[in-house]
Amino acid sequence: MAIWCKICGITTAADARVVEQAGADAIGLNCYPPSPRYIEPEMVGVLSGAVACKRVALFVDPDLAQVRAVLDAADIDILQFQGDESPEFCGQFGLPYLKGIRMSAETSVAELVKRHENAWAFLIDTFVEGVPGGTGRRFDLDLWPDLPDLRLVLAGGLDPQNVAAAINQVSPFGVDVAGGVEGTTKRLKDPVRVEQFVQEVRSVRSD
């Protein structure tokens, strides 16, 4: 079974097409205004229409109007929630949702998973105080939860050089990357790094 692969923080149609052509399963569209990779709902609509792969819209503690504005503007397949959203909030839109978990030694993954029992998958990222995700930092993979029956997506500090080893260590359902496939300009993907990343992911098979 192939590892699910998402490239997040897409900000241009050219980058969206590069990701799709590289063979990734999904693009991530950042709808969190404080993020350096944020895009307006109208651009989410443009980018979601540029590809046929899965379109994931990322939010952090949004209000109902913020999510509705994106869904009115774009064809979205999966919602991603990276804040303290309730299961009721996440589940009200009629779409599968990916729930972010910020991993540290104190994180109770089992408790969060139980609370969001209807989530499509869980994204395990690095805990950094005051930052909801996308830091580009890795966490100790020895903390990876032993929950093989769940869809767990590994994020945090991944790049073409380390992703295969990380997959082999924790056997996730999927992986997610943003900064690790950017070049010298933040927000823009490096086509070579995107292709290398996807190739490395595809070189490893999950159990």
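Look above for the structure.
An account of the accompanying structure is given in this report. (Residues numbered from 1 in each chain as written. Predicted model: local features only at pLDDT ≥ 70, side-chain atom pairs only at ≥ 80, totals over all residues. Heavy atoms only, no water.)

**A short note on the packing of helix H1 (residues 13-22) against helix H7 (residues 191-202)**
Closest axis-to-axis distance for the H1/H7 pair is 9 Å, and the angle between their directions is 30°. With respect to each other, H1 and H7 are oriented roughly parallel. Helix-helix and strand crossings are classified by hand; for H1 and H7 the assignment is right-handed. Taken together, the residues of H7 that come into contact with H1 (itself represented by Val18, Val19 and Ala22) are Pro191, Val194, Glu195 and Val198. Residue classes in the contact of H1 with H7 are distributed as six nonpolar, no polar and one charged. (Axes fitted to C-alpha atoms, helices over the stretch in contact; angles between N-to-C directions. Helix = DSSP H or I, 4+ residues; strand = E, 2+ residues; numbered from the N terminus. Parallel < 35°, antiparallel > 145°, perpendicular 65-115°, else oblique. Left-handed = near helix turned anticlockwise from the far one by under 90°. Contact = heavy atoms within 4.5 Å. Nonpolar A, V, L, I, M, F, W, Y, C, P; charged D, E, K, R; others polar.)

**So, the sheet that holds strand S4 (residues 78-81)**
The eight strands lie next to each other as S1-S2-S3-S4-S5-S6-S7-S8, forming a closed barrel whose pairing is parallel. Ignoring which end each strand starts from, the neighbouring axes of this sheet average 30° apart. Bridging between strand S1 (residues 4-7) and strand S2 (residues 26-30) involves two bridges; their strand directions are parallel. Looking across to S2, one finds that Lys6 is bridged to Ala26. (Pairing = 2+ DSSP bridges.)

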